[in-house]
Amino acid sequence: MNNSFVIDKDKYLDLRDIKNVSEYLKLEKAGQIIKNGGLVLFPTETVYGLGANGLDAEAVKKIYTAKGRNSDNPLILHISDIEMLGKIAKDISDVEFSLMNAFWPGPFTIILNKTDLVPSVVAGGLDTVGVRMPSNEIARNLIKFSNVPIAAPSANISGRPSGTNIEDIYQELGDKVDYIIDGGDCNIGVESTVVRVIDGVPHILRPGKITAEEIQEIAGNVIIDKHILGKLEADSKVMSPGMKYKHYAPNTKCVLVYDKDNSTLQNKIKDIIDNCLSQKQKPLVMCLSENAKYFKDVYSKELNKDNSNNVEIFDMGVSLDDMSKSIFTDLRKADKCNVDLIIIQGVSPNGLGLAIMNRLLRACNYNVI
Ligand code: TXA
Ligand code: MG
């Protein structure tokens, strides 16, 4: 990726290729900006964060304004070490400690009772706070330099796919931040697993790279919130305000297609493609490599007069890890292809597949075949 899109070099730090740990010292300036109430875009292992001093209510308000986020949707506080935890959370149980112990640093957020030090605006008015210790070294060094917990939602305008590379994010938020740290593409690509422990049982409020199976192994029990794959009704009570809002949506119409049997899945997708073509519409298919290869073979002769293809095909890789890494970038890219319909292959909702299906269902506005 070239970074020619960055206009103001004074507010951009390129840490895409760190060869020596001394390069983390360059984060001192960004740490000062956070401490002094500014907004900083920074990488984590999941998605990029739009960060501010999590103990400074005025700084945190800027996050909500920049994203256009509802004020009742709380933010996650990011910490660099376990000493920071005691300042922001209290009454932590053994089960909660064992989960943090197992999954930190990493893509795991836990909802805890907050202390008075955490401004109400961070918590969206609740008496709890989401806490995460990221494994990304740039993120943790940034927190160390700022010496405060960093409040950070995913870096995107509310409702849009989360940002996993600076180029995508710059277009949406570049002019609203004081500083930008480029750490290249995020490794995981979907946001952290969010968990709240109730009566000793972990409830997954948002699925992510840390799976239900892994949580169950630590806590002996796990409950997957019913809203993770189910559509929210107008009167539904939610444990996490984020569940209420529109998410990850491209502007183009999307449909999610799933079947346990892959050849049935291919046929279902083929029917939709053929239907589009018969109506002179252009479809785009996002799918795993095996299926991308199949559709490329089937539709290789479907060329327009100008030799451009009538069917766009995005290969999302060979594994669930590949798929989660490219999901948001591909949704944005697909949206720019000027097609009539985006057709997305679903996956079995186990392991990381649960997080993928949770994001895709929302991206497709529950339009499932
Ligand atoms: O991977 C991630 O978690 C990324 C990176 C930047 O760390 N952050 C992220 O933040 O995805 P955000 O704000 O986009 O999503 C946080 C989710 C929201 O759905 C929010 O409602 C929920 O976590 N959440 C935060 N605090 C909560 C709380 N106290 N109680 C219930 N849900 C909470
Ligand atoms: Mg988000």
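Everything that follows concerns the structure shown earlier in this document.
Residues numbered from 1 in each chain as written. Chains lettered and ligands numbered in written order. Predicted model: local features only at pLDDT ≥ 70, side-chain atom pairs only at ≥ 80, totals over all residues. Heavy atoms only, no water.

Visitor: Which residues make up the overall build of the protein chain, and what are the values?
Guide: For the protein chain, the helix and strand inventory stands at 11 helices and 16 strands. The C-alpha radius of gyration computed for the protein chain amounts to 21 Å, which stays within 12% of the reference 21 Å derived for 369 residues, consistent with globular compactness. Taking the principal axes of its C-alpha atoms as reference, the protein chain extends roughly 60 × 50 × 40 Å. Here the protein chain, with 369 residues, has 56% of them falling under the buried criterion. Of the contacts formed within the protein chain by residues at least 6 apart in sequence, a portion of 69% connects residues at least 24 apart. (Helix = DSSP H or I, 4+ residues; strand = E, 2+ residues; numbered from the N terminus. Rg over C-alpha atoms; globule rule 2.2 N^0.38 Å. Buried < 20%, exposed > 50% of the residue type's maximum accessible area, 1.4 Å probe, protein only. Contact = heavy atoms within 4.5 Å.)

Visitor: Just give me the short version of the nonpolar core, but keep the residues and values in it.
Guide: Ranked by size, the top nonpolar core spans 68 residues in total, and within it Leu85, Trp104, Phe108, Ile181 and Ile215 carry the most contacts. In terms of residue count, the dominant contributor to this core is helix α2 (residues 57-67) (5 residues). Excluding anything up to four places from it in sequence, Trp104 contacts Ile79, Ile82, Leu85, Ile110, Val131, Arg132 and Met133. (Core = buried A, V, L, I, M, F, W, Y, C linked by side-chain atoms within 4.5 Å.)

Visitor: So, the site of ligand 1: which residues are in play, and what are the values?
Guide: Not every one of the 26 residues close to ligand 1 is listed here, only the nearest: Thr46, Asn73, His78, Ser192 and Gly242. One of the side-chain nitrogen or oxygen atoms of Ser154 is found 2.9 Å away from an oxygen atom of ligand 1. Protein contact buries 97% of the 690 Å² of open area that ligand 1 shows by itself. Within the residue set of the shell around ligand 1, elements represented by two or more residues are β4 (76-78) and β7 (128-132). Examining the composition of the shell around ligand 1, we find that 4 residues originate from one element, β7, more than from any other. (Near = heavy atom within 4 Å. Polar contact = N/O pair within 3.5 Å; in protein donor to acceptor, adjacent residues only side chain to side chain. Areas by Shrake-Rupley, 256 points an atom, 1.4 Å probe, with all protein chains shown as cover.)

Visitor: Which residues make up the pattern of salt bridges, and what are the values?
Guide: This model, assessed by the stated rule, comprises 19 salt bridges. Between Arg16 and Asp14 there is a salt bridge, with its nearest N and O atoms 3.0 Å apart. For Arg16, a relative accessible area of 32% puts it in the partly exposed group. Residue classification places Asp14 among the partly exposed residues on the basis of a relative accessible area of 34%. Put simply, Asp330 and Lys333 hold a salt bridge, and the shortest N to O gap is 3.9 Å. (Salt bridge = Lys/Arg side-chain N within 4 Å of Asp/Glu carboxyl O.)

Visitor: Now, about the sheet that holds strand β14 (residues 283-287): what can you tell me, with residues and values included?
Guide: Across the sheet, which stays open at both edges, the 4 strands sit in the order β13-β16-β14-β15 with parallel pairing between neighbours. Edge strands, defined here as strands with exactly one partner in the open sheet, are β13 (254-257) and β15 (312-315). Strand-to-strand twist across the sheet, computed as the mean angle between neighbouring axes with direction ignored, equals 20°. Across 4 bridges, the pairing between β14 and strand β16 (residues 341-345) is parallel. In the strand pairing of β16, Val285 is matched with Ile343. Helix α10 (residues 320-335) rests against β14, β15 and β16 of the sheet, and its axis sits at about 170° to β14. (Pairing = 2+ DSSP bridges. Axes fitted to C-alpha atoms, helices over the stretch in contact; angles between N-to-C directions.)

Visitor: With reference to specific residues and values, describe the packing of α10 against helix α11 (residues 352-363).
Guide: Direction vectors running N to C along α10 and α11 enclose 20°, while the axes themselves pass 9 Å from each other. Classed by the angle they form, the pair α10 and α11 counts as roughly parallel. The handedness of the crossing between α10 and α11 comes out as left-handed. Contacts from Leu320, Asp321, Met323, Ser324, Ile327, Phe328 and Leu331 in α10 reach Leu352, Gly353, Ile356, Arg359, Leu360 and Ala363 in α11. (Parallel < 35°, antiparallel > 145°, perpendicular 65-115°, else oblique. Left-handed = near helix turned anticlockwise from the far one by under 90°.)

Visitor: Any chance you could break down unusual backbone geometry for me, citing the residues and the numbers?
Guide: Most peptide bonds adopt trans geometry, and most residues besides glycine take a negative phi value. The amide bond that connects Trp104 to the next residue, Pro105, takes the cis arrangement and shows omega of -10°. Mapping Pro105 onto the fold places it in the loop between α4 (94-103) and β6 (108-114). Positive phi, normally seen in glycine, also occurs at Asp91, with a value near 55°. A residue is classified by how much of its surface remains accessible, and Asp91, at 59% relative accessible area, is exposed. Positioned with a positive phi, Asp199 is a non-glycine residue whose angle comes to about 50°. Inspection of the secondary structure puts Asp199 in the loop between β10 (193-198) and β11 (201-206).

Visitor: Provide a residue-level description of α2, including the pertinent values.
Guide: Listed as buried for α2 are Ala59, Val60, Ile63, Tyr64, Ala66 and Lys67. What you see down the axis of α2 is that its buried residues fit within an arc of 170°, all on one side. Of the exposed residues in α2, those oriented more than 90 degrees away from the buried face are Glu58 and Thr65. Count one or two residues on from α2 and you reach Gly68, which has phi positive near 70°. (Arc of directions from axis to C-beta.)

Visitor: Pulling in residues and values, what's your account of the pairing of β16?
Guide: Judged by how many residues are buried, β16 sits mostly within the fold: 5 of 5 residues are covered. Pairing between β13 and β16: 4 bridges, direction parallel. Residue Val257 lies in a different strand from β16, and its bridge partner there is Gln345.

Visitor: Give me the lowdown on the side chain of Thr211, citing residues and values where you can.
Guide: Here Thr211 lies in the loop between β11 and α7 (212-219). Leave out the neighbours within four places in its chain, and Thr211 touches Gly351 and Leu352.

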